[in-house]
Amino acid sequence: MDSPLLGTIHRIVQSIDRSADLSHALDNLVVGIHEALNVDVCSIYLNNKITDSNILMATYGLNPDSVGNVSIPFDEGLVGLVTQLMEPVNIENAHLHPRFKYIPECGEEPFQSFLGIPVIHHGKNLAVLVVQQVSPRRFGDQDIAFLTTLAALIAGNIAFAKARGLIDEQGTDFSQSRGSFEGIAGAPGISIGTGVFSYNYTDISTIPDRKPEDIAEEETRFRSAINEVVKELETIGQKFGDNLPKADRMLFDAFALIAGDEELVDATIGRIRAGNWAQGALRDTIEWYAAKFESLDDAYMRERANDIRNIGCRILGYLQPKAQAEKNYPEKTILVGEDLSPMDLAIVPPEKLAGIVSGHGSAYSHLAILAHALNIPAVLGFSGQLPLPRLDGKTVIVDGYQGRIIVSPSDLEMKEYRELNAEEKLLTENLAMLQNEPAITTDGIRIHLYTNTGLLTGFTQALSVGTEGIGLYRTELPFMSKDSFPSEDEQQSLYRQVLEAYSPLPVTLRTLDIGGDKPLPYFPFDEPNPFLGWRGIRFTLDHPDILMTQLRAMLRASIGFENLRILLPMISSIDELEQAVALIHRACDDIRDEGHFISLPKIGAMIEVPAAVYQIESIARRVDFLTVGTNDLIQYLLAVDRNNELVARLFEPLHPAVLEVLTYIATAAKRTGTHLSICGEAAGDPALVILLIAMKVDSLSLGAGDLPRIKWVIRTFSYEHAREIWQQVRQLEYSAQIRRLLTDELVKHGMGGLIHPGG
Ligand code: PEP
Ligand code: MG
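Scoring rules and cut-offs
- Residues numbered from 1 in each chain as written.
- Chains lettered and ligands numbered in written order.
- Predicted model: local features only at pLDDT ≥ 70, side-chain atom pairs only at ≥ 80, totals over all residues.
- Heavy atoms only, no water.
- Salt bridge = Lys/Arg side-chain N within 4 Å of Asp/Glu carboxyl O.
- Helix = DSSP H or I, 4+ residues; strand = E, 2+ residues; numbered from the N terminus.
- Buried < 20%, exposed > 50% of the residue type's maximum accessible area, 1.4 Å probe, protein only.
- Donors = N, O, S within 2.8 Å, 3.2 Å for Na, K, Ca; no water.
- Expected span 1.5 Å × (residues − 1).
- Contact = heavy atoms within 4.5 Å.
- Near = heavy atom within 4 Å.
- Polar contact = N/O pair within 3.5 Å; in protein donor to acceptor, adjacent residues only side chain to side chain.
- Nonpolar A, V, L, I, M, F, W, Y, C, P; charged D, E, K, R; others polar.

Asker: What is the right way to read the pattern of salt bridges from this model?
Answerer: Side chains bearing opposite charge may pair, as long as their charged atoms lie close to each other. Within this structure, the stated rule accounts for 29 salt bridges. Residue E488 is joined to R556 by a salt bridge in which the shortest nitrogen-to-oxygen separation is 2.7 Å. Residue E488 is located in helix α15 (residues 488–502), and its partner R556 is located in helix α17 (residues 544–557); the two are separated by 68 residues in the primary sequence. The salt bridge partner of R622 is E578, with a shortest N-O separation of 2.8 Å. Of this pair, R622 sits in helix α20 (residues 616–622) while E578 sits in helix α18 (residues 574–593); the two residues are 44 residues apart in sequence, bridging distant segments of the chain. Looking at R622, the relative accessible area reads 34%, which means it is partly exposed. Here E578 falls in the partly exposed class, since its relative accessible area comes to 40%. Within the structure, one salt-bridge network assembled from shared partners comprises E476, R510, D513, R535, D632 and R642.

Listed below in structure tokens is the structure:
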């Protein structure tokens, strides 16, 4: 396609982005297409899944009164045909087509030719774009290419604008949705609370609206922020003095002028007086200014939009600190953010954190793992689909079982979810009674249940659910939450607390698994493919100083206890394993040379890179135990980024290939007589656990929140029955069939509540 068309597409997309609401966005869209293709009619119909019909939402050329009033069932008319086929329908003489449906309200009798293009978002129909012409005309390939490209680009914007309309409760009844949005289940559970948006100070567009407590004070705050920024920009200009050519220095003066510009100040004050806090008012003014620049044809002037946003962020910087210090979290806070990190959770007082909603992330990201560990329902993966700042201050239900949130729920929804909450509480109470019972199948096969911890310091919860020890202590957090590598003494005292709290139960400390999605604030990893890069053992073997410090800290912490085990992450070759084991021996000798008595701890290797699976017997000969890291093993086996919400639905522990690999590992572990533990989030999936029983794994390591349910599964099934189920599963070729079969088994055994309360 030639560049003028690309330019046109860009402009149409921008005009949609800037529209105040869905109806303006769609009006801009149809007018833009009419102008670009010179067609007599351009209309857009939105899918309504509840009534199974397409509703006319905007038109250029048809009777404007029909907007919102014309609804065409999916199985009728040419528009319905586009929805059904999910592909373009291009017809020269539309009224002769068997699917043509005459709709008197539209006034479309004169239009002979028809081209309909589906608007598809994440594999689902969202809308149909239609262009029509009076004269019989077969639209050309160029027209189809233009509209298909445009449809693909605007799908996200339309979904977003639709969601925004629903959240703001301005939505017409085109969808009759109750403001329920599907994301990715991050951590199970149900909570009802108030949304608190955690915004990013460097991105002004993420600032939510809020009502100011005192408008006059808000005005003063804003004016003093402006004064500070103007002063700061002038000082920067002066600081460069003669080192910068005068013309460049003037840039800072220009910035200072923009920051103090009367129009900018007045417009923002106007918005404050209309009832928004200074940050929200500033966001609207800055976005309005930036949009003005972005709409200009001159590329240099368009680029100035970024300057405006930068200045906005600077002003924001002066408005923020006070606002943050004064933050009062509601009793039941649903923390919402575009890209929440494990660190963000720490900002909310723990007793108030009730739920988590994040734009980025999936069930296997570290945010989800932390939510699991804290037993806080989480739904993730809304990036680009929901205006998340708009959830600030709204009542939100987080359904971490179904991966769904409901914004401003109706009374009926509140009632329904309160009941589910009560059922869930009852189930938890019943499960608590199993605390002191062993995890043993009905025919006597014992599977040890350990917990994962380390991403947080509170580890007493795991003891209270009856864990048999720590199967995985992720040592990354103390490294991530500091501004330098922690010293040997700091690490030693932290590890000792855990070893002591659990003694004599075993504690498996994993060596640093930094990299991937766990960056260090003081040591940047700048890699194009971090998950295939300098991660885990690869990093620590390249930094024996850091690894030796950590090993010494672990060993010193274990003096007087006999419960330390050391686990090595991301092993992909025998060389790596041998080097790491040699360092453990060296560290042990060092400590003994210092006069302490310690025995060599048990050493384990993580099986989480596919290469390790196929060298498992060689690995097993060199270690005391094997731990499968299902999060990474599945990621690398299925080539699905564990953090990417776009492919999150492909991350399936019940994929037949994953199950075969797990069987291969279990068989090899048995053959070599090596203890096999399964960790990662999949170990908390009741459906997979039925098969892990059949594979006779020795232990599972899972989040404390998942332990009671998994114990229930183990105590309900017999090994013999699990084997039979496994034989049936091995005949199936589709993950969905496997999940259905296993879910049916859970339901048959009265455990539907593990999948969803009431289920
Ligand atoms: C895993 O990969 O399954 C695992 C337990 O380790 P992490 O999630 O920390 O990468
Ligand atoms: Mg891992």
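Asker: I keep staring at the coordination of the magnesium ion (ligand 2) and nothing clicks. Help me out?
Answerer: When a metal carries six donors in an octahedron, the ideal angles between them are 90 or 180 degrees, while four donors in a tetrahedron ideally lie at 109.5 degrees. Donor atoms from the polypeptide that bind the magnesium ion (ligand 2) are E608 (OE) and D632 (OD), placed at 2.0 to 2.2 Å. A residue pair is termed long-range when its members are at least 10 positions apart, and E608 in the loop between β19 (602–607) and α19 (610–613) and D632 in helix α21 (residues 630–638) qualify at 24 residues. The exposure classification of E608 matches that of D632, with both residues buried.

Asker: Got a minute to help me understand α18 in this structure?
Answerer: Residues three or four positions apart in an α-helix share a direction because the helix packs 3.6 residues into each turn. Between its terminal C-alpha atoms α18 stretches 28 Å, which fits the 28 Å expected from 20 residues at 1.5 Å a residue. The complete set of buried residues in α18 reads I574, E576, L577, A580, V581, L583, I584, A587, C588 and I591. Elements that come into contact with the buried residues of α18 comprise α16 (536–542), α17, β18 (564–568), β19 and α20. Of the residues one or two after α18, G595 is the one with positive phi, at around 100°.

Asker: How do you make sense of the site of ligand 1 when you look at a structure like this?
Answerer: What surrounds ligand 1 is a group of 17 residues, the closest being R474, R510, G629, N631 and R642. Here an oxygen atom of ligand 1 and a backbone polar atom of T630 are 3.1 Å apart. N631 is positioned with one of its backbone polar atoms (N or O) 2.7 Å from an oxygen atom of ligand 1. Looking at the shell around ligand 1, the elements with two or more residues in it are α11 (366–374), β16 (470–474) and α21. A total of three residues in the shell around ligand 1 trace back to one element, the largest contributor, which is α21. For the shell around ligand 1, the residue count by class is four nonpolar, five polar and eight charged.

Note that every value here comes from positions in space, so none of it alone points to a role or purpose.
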